[in-house]
Amino acid sequence: MLTTKQYRTRSIFLLSTFFIILVLIFMPLYPDLRPGSKTDGLTFMDNFFNSLSKDSAYFVPQEREKAKTFTGKTFDADLKYKSPVLAQQAAQVLSANGFSATAEDVNVKASGDFGQLLDAALNDADFMYQNQGDAISGKYPPLDERSAVYAWHNTMSALGKVFERGGSETAAMLNATQSMNSKALEPSYNYYQVERKPVRQNLPLLIFALVFYVVYTCWYGFGILYLFESMGVKLDH
């Protein structure tokens, strides 16, 4: 049975060391995404887990295989966008890749080979995923890489609405546009400039982070428990 003084001593030790470590976590002592720069511990771990998840979010090769099944399948559609600016950007991206595209207000009249369209979008998605933004922006001046990939996303969504009205005849093409957005364009956009790290090669840090989280939580919990014990507040069954 511990005495009140012993409870107090343990509480002071646990809580003081807990808050010292907490201060160190929030200090810019850890490597940032940009070489040579530093960030706080929370941002560092957030970047780390984003890097691990990015490794499992690469579906471009699978999507490219799907795209091959649509080679020779043509489309001719009137696409609608949310604003004239987005319509102009989409028309620019489509035209730069060899497709017929004419913008008028919020509408774009586009036509071409659907398989080639998917493949062109996948090329940019792959560049984006590999953090090679210059390879995209160089194709569509003055658009930057994010705007270009966003234009692809908007185009796939607009095409999807057209294919949706086609019923069973265009169901496969509708699924292709949806899959393109969710498995290629969105991951490449969201993970842009995040370093890709395989889980197997980063197991030590991953295990440390998970164990530290559990231990650090218990650390604080026992500190509070001993604090109340030293004040005479006890938990009874």
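Draft legend 1. The arrangement of helix H9 (residues 203-230) in detail. Taking 1.5 Å per residue as the helical rise, H9 with its 28 residues ought to reach 40 Å, and the 40 Å between its terminal C-alpha atoms agrees with that figure. Within H9, burial applies to Leu-206, Ala-209, Tyr-216, Gly-223, Tyr-226, Glu-229 and Ser-230. Here the buried face of H9 lies against helix H1 (4-25) and helix H2 (41-55). The first or second residue beyond H9 is Gly-232, which carries a positive phi of 90°.

Draft legend 2. Structural view of the pattern of salt bridges. Enumeration over the complete set of coordinates arrives at 7 salt bridges. With a shortest N-O distance of 2.7 Å, Arg-64 and Asp-119 are connected by a salt bridge. With a gap of 55 residues between them, Arg-64 in helix H3 (residues 60-68) and Asp-119 in helix H5 (residues 114-129) connect regions that are remote in the sequence. For Asp-119, a relative accessible area of 29% translates into the label partly exposed. Between Asp-76 and Lys-109 there is a salt bridge whose closest N-O contact spans 3.5 Å. Remark: Lys-109 occurs in strand E5 (residues 107-113) and Asp-76 occurs in strand E3 (residues 74-80); sequence separation between them is 33 residues. According to the relative accessible area criterion, Asp-76 is exposed, its value standing at 57%.

Draft legend 3. Focus on the environment of Pro-61. If you trace the backbone, Pro-61 turns up in helix H3. When its relative accessible area of 40% is taken as the criterion, Pro-61 is described as partly exposed. Sequence-wise, Pro-61 and Ala-184 are 123 residues apart; in three dimensions their C-alpha atoms are separated by 9.4 Å.

Draft legend 4. Fine view of a nonpolar patch on the surface. There is a patch of nonpolar side chains on the surface, built from Ile-20, Val-23, Leu-24, Met-27 and Leu-29 and spanning about 430 Å² of accessible area. Mapped onto the elements of the fold, Val-23 is located in helix H1.

Draft legend 5. Local environment of the pairing of strand E4 (residues 100-104). Of the strand pairs in this sheet, E4 and E5 are connected by 5 bridges, and their pairing is antiparallel. Residue pairing for E5: Ser-100 is matched across the bridge by Ser-111. Between E4 and E5, which pair antiparallel in sequence order, lie 2 residues; one of them, Asp-105, sits at a positive phi of approximately 60°.

Draft legend 6. Seen up close, the packing of aromatic side chains. Tallying each qualifying case throughout the model produces 14 aromatic pairs. Relative to Phe-163, the ring of Phe-114 has its centre 5.4 Å away and its plane inclined at 85°; by these criteria the two rings are edge-to-face. Of this pair, Phe-114 sits in helix H5 while Phe-163 is found in helix H7 (residues 145-164), placing the two residues 49 residues apart along the sequence. One exposure class covers both Phe-114 and Phe-163, and it is buried. Here the aromatic rings of Phe-222 and Tyr-226 are separated by 6.0 Å at their centres, their planes lie at 45°, and the arrangement is tilted. Placement of both Phe-222 and Tyr-226 in helix H9 is noted, with a separation of 4 residues, approximately one turn of the helix. The class for Tyr-226 is buried, based on a relative accessible area of 15%. Here the aromatic cluster, defined as three or more aromatic residues joined through ring pairs, consists of Phe-18, Phe-19, Phe-208, Phe-212, Tyr-216, Trp-219 and Tyr-220. The ring of Tyr-189 has Arg-146 sitting right over it, with the charged end atom 5.5 Å from the ring centre. Just above the ring of Phe-59 sits the side chain of Lys-183; from NZ or CZ to the centre is 5.9 Å.

Draft legend 7. Just the environment of Asp-126, in detail. Structurally, the position occupied by Asp-126 is in helix H5. The class for Asp-126 is partly exposed, based on a relative accessible area of 21%. Measuring from C-alpha to C-alpha, the distance between Asp-126 and Val-85 comes to 25 Å, with 41 residues separating the pair along the chain.

Rules and cut-offs
- Residues numbered from 1 in each chain as written.
- Predicted model: local features only at pLDDT ≥ 70, side-chain atom pairs only at ≥ 80, totals over all residues.
- Heavy atoms only, no water.
- Helix = DSSP H or I, 4+ residues; strand = E, 2+ residues; numbered from the N terminus.
- Expected span 1.5 Å × (residues − 1).
- Buried < 20%, exposed > 50% of the residue type's maximum accessible area, 1.4 Å probe, protein only.
- Contact = heavy atoms within 4.5 Å.
- Salt bridge = Lys/Arg side-chain N within 4 Å of Asp/Glu carboxyl O.
- Patch = residues over 30% accessible without salt bridge, like charges linked within 9 Å, V, L, I, M, F, W, Y side chains within 5 Å.
- Areas by Shrake-Rupley, 256 points an atom, 1.4 Å probe, with all protein chains shown as cover.
- Pairing = 2+ DSSP bridges.
- Phe/Tyr/Trp six-rings, centres within 6.5 Å; stacked < 30°, edge-to-face > 60°.
- Lys NZ or Arg CZ within 6 Å of the ring centre and 35° of its normal.

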